[in-house]
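Spelled out, the chains give:
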Amino acid sequence: MMTLKAARVNKGLTQKEAAKLIGISPSALAKWENFKSYPSNRWIPKILEIYGVSYDELIFLPINYA
C-alpha cells in the first residue's frame, strides 16, 4: 500500500507535472496528498492510469493509530 504522494514520486513526477497530466491544479493535488481533501471518483481512474498502480495499492485516507 502507498499514498498518492509515494505513487507520484515512484513515477518520477513533480506535483506540477502530475497535476497537469491528471487535469487538476497543483494545489488540489497537494490537498489530496496531505489528506486535506480526497479525489472524487471522476479522477481516480486517471490517477491509476498515470501512476501505473491499482486502486488496491493506494491509500486515500490517513491511517489513525489512536
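Just so it is clear, the structure is predicted and the values come from calculations on it, not from any experiment.

**Some remarks on the environment of Thr 14**
Okay, step 1: The residue Thr 14 is located in the loop between helix H1 (4–10) and helix H2 (15–22) in this model.
Okay, step 2: In the structure, Thr 14 is positioned 39 residues away from Val 53 in sequence and 17 Å away in space, judged by C-alpha atoms.

**A short note on the packing of H2 against helix H4 (residues 44–51)**
Okay, step 1: Relative to each other, H2 and H4 sit at 125°, their axes nearing to 10 Å. Accordingly, the angle class assigned to the pair H2 and H4 is oblique. Regarding H2 and H4, the two cross each other, and that crossing is right-handed. Within the contact between the two elements, H2 uses Ala 18, Leu 21 and Ile 22 and H4 uses Lys 46, Ile 47, Ile 50 and Tyr 51.
Okay, step 2: Looking at the contact of H2 with H4, its residues break down into six nonpolar, no polar and one charged.

**Let's talk about unusual backbone geometry**
Most peptide bonds are trans, and most residues other than glycine sit at a negative phi.
Okay, step 1: Here Phe 35, not a glycine, exhibits a phi torsion of approximately 60°, which is positive.
Okay, step 2: You can see Phe 35 is positioned in the loop between helix H3 (26–33) and H4.

**Focus: the side chain of Arg 8**
Okay, step 1: Note that Arg 8 resides in helix H1.
Okay, step 2: Owing to a relative accessible area of 7%, Arg 8 belongs among the buried residues under this scheme.
Okay, step 3: Dropping the residues within four chain positions of it, Arg 8 is found in contact with Leu 13, Thr 14, Gln 15, Ala 18, Leu 29, Glu 33 and Tyr 51.

**Overview of the confidence of the model for the protein chain**
Okay, step 1: Here the protein chain shows a mean pLDDT of 92. Residues at 70 or above account for 92%.
Okay, step 2: Confidence scores differ between elements of the protein chain, with strand S2 (residues 58–59) showing the lowest mean pLDDT of 88 and H2 the highest of 98.

Criteria and thresholds
- Residues numbered from 1 in each chain as written.
- Predicted model: local features only at pLDDT ≥ 70, side-chain atom pairs only at ≥ 80, totals over all residues.
- Heavy atoms only, no water.
- Helix = DSSP H or I, 4+ residues; strand = E, 2+ residues; numbered from the N terminus.
- Axes fitted to C-alpha atoms, helices over the stretch in contact; angles between N-to-C directions.
- Parallel < 35°, antiparallel > 145°, perpendicular 65-115°, else oblique.
- Left-handed = near helix turned anticlockwise from the far one by under 90°.
- Contact = heavy atoms within 4.5 Å.
- Nonpolar A, V, L, I, M, F, W, Y, C, P; charged D, E, K, R; others polar.
- Buried < 20%, exposed > 50% of the residue type's maximum accessible area, 1.4 Å probe, protein only.
- pLDDT = per-residue confidence, 0-100.

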